[in-house]
Amino acid sequence: MGDSNIRYADIIIDISHEALDKVFQYRVPLSLWEEVQPGSRVFVPFGRGNRETEGYVIAIRQEADYEESKIKEILRVNTEGISVESELIQVAAFLKEKYGSTMIQALRTVLPVKTKMKPKEEWREKSIGEEKTYANEENINIAFGNHLNGTCGKYSGKCDGE
């Protein structure tokens, strides 16, 4: 029986490569026991260089499947974004088995789209003596209309006034 003061997390590393399509086990530090649950997104030291890598906790265990001296410790919990519900982990496992994907690809399929988005880019058109700003696609179409929809033939030298 394992030590009741030690917990282990089975983690799928967020790297899409068939050679890494397996569960890696990490020790859960006592300070993270409340936060690390199945579905949590965590950062772990990965590989020989211990590069900080994100992963998904798919199970918590009391006993290690590997030699204790080879098990690394979870660094921290990723507090940004959304954790994965246990039902989604089961759906991802089904997708992996049924359709032959990797577990991380299956998890990405069932996860909600990231909530963080890049800030909207602004486009600027400079003319002599004036500058116009186009903050959305509709305004860009108004400004460049025929060039964007391909009816002016700009690249074939048929555009009027050019």
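In this report, the structure presented in the accompanying data block is examined.

Now for the pattern of salt bridges. Scanning all chains against the criterion turns up eight salt bridges. Its salt-bridge partner being Arg27, residue Glu68 comes within 2.4 Å of it at the nearest N-O pair. With Glu68 in the loop between strand E4 (51-61) and strand E5 (72-73) and Arg27 in strand E2 (residues 24-28), this residue pair connects regions lying 41 residues apart in the sequence. In this structure, Glu52 and Arg76 form a salt bridge, with 2.5 Å as the shortest nitrogen-oxygen distance. With a gap of 24 residues between them, Glu52 in strand E4 and Arg76 in strand E6 (residues 76-77) connect regions that are remote in the sequence. Within this structure, Asp10, Arg61 and Asp65 form a network of salt bridges that share partners.

The next thing to look at is the side chain of Asn78. Mapped onto the secondary structure, Asn78 falls in the loop between E6 and helix H1 (86-99). Within the structure, Asn78 has its side chain in polar contact with the side chain of Glu54 (distance 2.7 Å). Discounting chain neighbours no more than four positions away, the residues touching Asn78 are Arg41, Val42, Phe43 and Glu54.

Here the focus is helix H2 (residues 103-110). For H2, the complete set of buried residues consists of Met103, Ile104, Ala106, Leu107 and Val110. Viewed along the axis of H2, the buried residues span an arc of 160°, placing them on a single side of the element.

Now for the sheet that holds strand E3 (residues 41-46). The strands making up a sheet associate through hydrogen bonds between their backbones, and the pairing can be parallel or antiparallel. Pairing is mixed across the open sheet formed by six strands, whose spatial order is E5-E2-E1-E4-E3-E6. One side of each edge strand has no neighbouring strand; the edge strands of this open sheet are E5 and E6. For E3 and E6, the ladder comprises two bridges, and the chain directions are antiparallel. Residue pairing in the sheet places Val42 in a bridge with Val77 of E6. Contacts from H2 reach strand E1 (7-13) and E4, with the element oriented near 85° to E1.

What counts and how
- Residues numbered from 1 in each chain as written.
- Predicted model: local features only at pLDDT ≥ 70, side-chain atom pairs only at ≥ 80, totals over all residues.
- Heavy atoms only, no water.
- Salt bridge = Lys/Arg side-chain N within 4 Å of Asp/Glu carboxyl O.
- Helix = DSSP H or I, 4+ residues; strand = E, 2+ residues; numbered from the N terminus.
- Polar contact = N/O pair within 3.5 Å; in protein donor to acceptor, adjacent residues only side chain to side chain.
- Contact = heavy atoms within 4.5 Å.
- Buried < 20%, exposed > 50% of the residue type's maximum accessible area, 1.4 Å probe, protein only.
- Arc of directions from axis to C-beta.
- Pairing = 2+ DSSP bridges.
- Axes fitted to C-alpha atoms, helices over the stretch in contact; angles between N-to-C directions.

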